[in-house]
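Each chain, letter by letter, is given below.
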Amino acid sequence: MLFYTSDFLTGTTLMSNEQVGKYIRLLCLQHQRGILTEKDMLKICQSYDEDIYEKFVKTDEGYFNQRMREEFDKRKNYSASRSNNRKGKKDMNNISKSYDKHMENENENESDNLKESKKDRFVKPTLDELKDYMLSIDMLDISNKFFDFYESKGWLIGKNKMKDWKSAVRTWKPNHLKQAQVVYNKPKAYNPSNYE
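As the structure is a prediction and not an experimental result, all values here were calculated from the model. Along each chain, the written sequence defines residue order, and numbers are assigned to residues from 1. For this predicted model, a pLDDT threshold of at least 70 governs which residues receive local features, and a threshold of 80 or more governs which side-chain atom pairs are given and counted, while totals over whole chains, interfaces and linings are taken from all residues. Calculated side-chain values reflect all of the structure's heavy atoms, with hydrogen atoms and water omitted.

A. Representation of the nonpolar core within the structure. For this analysis, a nonpolar core means a set of buried residues of the types Ala, Val, Leu, Ile, Met, Phe, Trp, Tyr and Cys, connected via side-chain atoms within 4.5 Å. Each residue's exposure class comes from its accessible area (1.4 Å probe, protein chains only) as a fraction of the maximum for that residue type: buried when under 20%, exposed when over 50%, partly exposed otherwise. Counting 16 residues, the largest nonpolar core has Leu 26, Leu 36, Met 41 and Phe 56 as the members making the most contacts within it. A helix here means a DSSP run of H or I that spans at least four residues, while a strand means a run of E at least two residues long, and both kinds are numbered starting from the N terminus. Listed by contribution, the elements that provide at least two residues to this core are helix H2 (17-33), helix H3 (38-45) and helix H4 (50-53). Only heavy atoms matter for contacts: two residues are in contact if any of them lie within 4.5 Å across the pair. When neighbours within four sequence positions are excluded, Leu 36 is seen to be in contact with Leu 26, Leu 29, Gln 30, Met 41, Phe 56, Gly 62 and Tyr 63.

B. Local environment of the environment of Leu 9. Locating Leu 9 in the fold gives a position in helix H1 (residues 5-11). On a C-alpha basis, the gap between Leu 9 and Val 20 in space is 9.4 Å, while along the polypeptide they are eleven residues apart.

C. A look at the packing of helix H8 (residues 143-152) against helix H9 (residues 165-172). In this analysis, axes come from line fits to C-alpha atoms, helices being fitted only over the stretch in contact, and the angle between any two N-to-C directions falls in the range 0 to 180 degrees. The interhelical angle for the contact between H8 and H9, taken along N-to-C directions, is 115°, at an axis separation of 12 Å. For the pair H8 and H9, the crossing hand works out as right-handed. Contacts between H8 and H9 involve Lys 145, Phe 146, Phe 149 and Tyr 150 from the former and Trp 165, Ala 168, Val 169 and Trp 172 from the latter. When the residues that make up the contact of H8 with H9 are grouped by side-chain class, the tally is seven nonpolar, no polar and one charged. Here is the rule for handedness: rotate from the far helix to the near one, and if that takes an anticlockwise turn smaller than a right angle the crossing is left-handed, while a clockwise turn gives right-handed. Each residue is assigned to one class: nonpolar for Ala, Val, Leu, Ile, Met, Phe, Trp, Tyr, Cys and Pro, charged for Asp, Glu, Lys and Arg, and polar for all the others, Gly among them.

D. Structural view of the environment of Leu 36. Structurally, Leu 36 is set in the loop between H2 and H3. Take Leu 36: its relative accessible area is 0%, and that puts it in the buried class. For Leu 36 and Asn 65, which are 29 residues apart along the polypeptide, the C-alpha to C-alpha distance reads 9.3 Å.

E. The arrangement of the side chain of Asp 49 in detail. Structurally, Asp 49 can be placed in the loop between H3 and H4. We treat Lys and Arg as the positive residues and Asp and Glu as the negative residues; His and chain ends play no part in the count. Any Lys or Arg side-chain nitrogen located within 4 Å of an Asp or Glu carboxyl oxygen qualifies as a salt bridge. No salt bridge forms around the buried Asp 49; measuring N to O, its nearest opposite-charge neighbour Lys 22 is 5.1 Å away. Polar contacts, as counted here, are pairs of nitrogen or oxygen atoms within 3.5 Å of one another; within protein the pair requires one atom able to donate a hydrogen and one able to accept it, and residues that are adjacent in sequence qualify only if both atoms are side-chain atoms. Within polar-contact distance, the side chain of Asp 49 engages the side chain of Gln 19 at 3.1 Å.

F. Spotlight on the pattern of salt bridges. Tallied over the entire structure, the rule returns six salt bridges. Of the charged contacts, one joins Glu 18 and Lys 22 as a salt bridge, the two residues approaching to 3.3 Å between their closest N and O atoms. Placement of the pair is Glu 18 and Lys 22 together in helix H2, with a separation of four residues, close to one helical turn. Here the salt bridges do not stand alone but share partners, grouping Asp 7, Arg 67, Glu 71 and Lys 74 into one network.

G. Structural view of the packing of aromatic side chains. Centre distance within 6.5 Å is the pairing criterion for rings of Phe, Tyr and Trp, where only the six-membered ring of Trp is used; planes under 30 degrees apart are then read as stacked, over 60 as edge-to-face, and the remainder as tilted. In the structure shown here, the tally under the stated rule is 14 aromatic pairs. Where Tyr 48 meets Tyr 53, the ring centres are 4.6 Å apart and the plane angle is 50°; that geometry is what we call tilted. Residue Tyr 48 is classed as exposed on the basis of its relative accessible area, which comes to 57%. Aromatic rings pair up to connect Phe 122, Phe 146, Phe 147, Phe 149, Tyr 150, Trp 155 and Trp 172 into one cluster. A ring has a charge above it when a Lys NZ or an Arg CZ is no more than 6 Å from the ring centre and no more than 35 degrees off the ring normal. Stacked on the ring of Phe 64, the Lys or Arg Arg 69 has its end atom at 3.6 Å from the ring centre.

H. Up close: unusual backbone geometry. Positive phi values are uncommon outside glycine, yet Gln 46 reaches one of about 70°. Here Gln 46 shows up in the loop between H3 and H4. Notably, Trp 155 is not glycine yet its phi reads approximately 60°, a positive angle. By the secondary structure assignment, Trp 155 is in the loop between H8 and strand E3 (156-157).

I. Spatial organisation of the packing of helix H7 (residues 127-136) against H9. The contact between H7 and H9 brings their axes to 11 Å, and the two run at 50°. Considering their axes alone, H7 and H9 lie oblique with respect to each other. Note on packing geometry: the crossing formed by H7 with H9 is right-handed. Packed against H7, whose contacting residues are Glu 129, Leu 130, Tyr 133 and Met 134, the element H9 presents Trp 165, Lys 166, Val 169 and Arg 170 at the interface. Of the residues that constitute the contact of H7 with H9, the class distribution is five nonpolar, no polar and three charged. With respect to orientation, any angle under 35 degrees is reported as roughly parallel, any angle over 145 as roughly antiparallel, any angle of 65 to 115 as roughly perpendicular, and every other angle as oblique.

Right under this line is the structure:
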């Protein structure tokens, strides 16, 4: 299930650190069991604590935090919808067209910010990706040489982390073209007719 840190911090601002620790343990236990017994509540809280108990709804079955239950159900439904959307699909690249918006809520901005930071993160290429790209831009296949070179340097260019491996490959292109290289300073074959 998703954990919304901003909401959690807002909802626990007036609790002591000890109360927050007890509260988060109860939430984790609810996530595992679904419902908490009076014994569970007292074992973790050690005594009745109004600030903590008011965060839970009491029913005949026991205690539960309403937000935890809603988020758990949303995530469970989302996972089921993803699974159902994939069933029978031949082309797994088109599964995003069937996106179900039932997971969107007031925390949408948090997940958008996380997506932005993930897409900026460098992912080193595989040897197959390197080979395919090199061949697509008319380079010799030097994927092993390129990979080993940057792997040994921790995928750094100078002191900076590599941002775009395709751009780095293109800088190697002039020295590794696919077509035959022109060889300079090669001695010409002796032809006596050139000296008559």
